[in-house]
Amino acid sequence: MFGFLKKNNQEIKIYAPLSGEVVAISEVRDEVFSKKMLGEGVAIIPSSGKLYAPADGTLVSVFKTKHAYTILTDDGLELLIHCGLDTVELAGEGFTVYKNSGDRIRTGELIAEMDLERILAHRKETITPIVITNSDQITNLQFETKTIASGELLLTVFR
């Protein structure tokens, strides 16, 4: 999709873009994510709406509706961060974006913010899947279901 992985037998670290509760992607109430149609990953039920860069790379795209972001990491992983479920229907309401498509990003930089209360008031879920869309090029990933703070290690990806 965005590029090719460069090296084999590599261990890649992805850091939490949000604070909250880490859950398996299979727990997301949307089959596109839970059945891994877009790839392997995890989800975070956010306790804070601040969204930070999970790795060094390029912010490939910011969806027009501000609810989803694609990142190509310097290690060649293609990440999709999808803030909430059915939040596309909000047409950007409740989201503030600080970075643009094509911007170079560094781990921990603030990318965007979502107003969790406003999203919930519109009866949308805030659970945020983080998906490796080129997961056909990885061999395994490890994570723990736990409470996490943004910037803490979220995933270890092997290829």
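Residues numbered from 1 in each chain as written. Predicted model: local features only at pLDDT ≥ 70, side-chain atom pairs only at ≥ 80, totals over all residues. Heavy atoms only, no water.

**A few points about the overall build of the protein**
Part 1 of the argument: Tallying secondary structure elements over the protein gives two helices and 14 strands in all.
Part 2 of the argument: At 14 Å, the protein has a C-alpha radius of gyration in line with the 15 Å of a compact globule built from 159 residues.
Part 3 of the argument: A principal-axis box enclosing the C-alpha atoms of the protein has dimensions of 45 × 30 × 25 Å.
Part 4 of the argument: Split into buried and exposed, the 159 residues of the protein put 48% on the buried side.
Part 5 of the argument: Here the contacts in the protein between residues at least 6 apart in sequence split such that 71% fall between residues at least 24 apart.
Part 6 of the argument: Split by element, the accessible area of the protein, about 7700 Å² in all, is 46% carbon and sulfur.
Part 7 of the argument: Within the protein, the 22 negative side-chain charges are centred at a point lying 3 Å from the centre of the 17 positive side-chain charges. (Helix = DSSP H or I, 4+ residues; strand = E, 2+ residues; numbered from the N terminus. Rg over C-alpha atoms; globule rule 2.2 N^0.38 Å. Buried < 20%, exposed > 50% of the residue type's maximum accessible area, 1.4 Å probe, protein only. Contact = heavy atoms within 4.5 Å. Areas by Shrake-Rupley, 256 points an atom, 1.4 Å probe, with all protein chains shown as cover. Lys, Arg positive; Asp, Glu negative; His and termini not counted. Charge placed at Lys NZ, Arg CZ, Asp CG, Glu CD.)

**Here's the deal with the sheet that holds strand β8 (residues 95-97)**
Part 1 of the argument: An order of β4-β10-β8 is seen for the three strands of this open sheet, with the pairing classed as antiparallel. Since the sheet does not close on itself, it has two edges, and those belong to β4 (50-52) and β8, each with one partner. Each adjacent strand pair in this sheet contributes to an overall mean axis angle of 20°, direction not counted.
Part 2 of the argument: With three bridges connecting them, β8 and strand β10 (residues 110-114) associate as antiparallel partners. Bridged to Phe95 within β10 is Met114. (Pairing = 2+ DSSP bridges. Axes fitted to C-alpha atoms, helices over the stretch in contact; angles between N-to-C directions.)

**Section: the pairing of strand β3 (residues 40-46)**
Part 1 of the argument: When you tally the buried positions in β3, you get five out of seven residues, the bulk of the element.
Part 2 of the argument: Of the pairings in the sheet, the one linking strand β2 (residues 20-24) to β3 comprises five bridges and is antiparallel in character. If you follow Ala24 over to β3, its bridge partner there is Val42.
Part 3 of the argument: Bridge analysis of β3 against strand β11 (residues 128-132) gives five bridges, and the strand direction is antiparallel. Bridged to Ala43 within β11 is Pro129.

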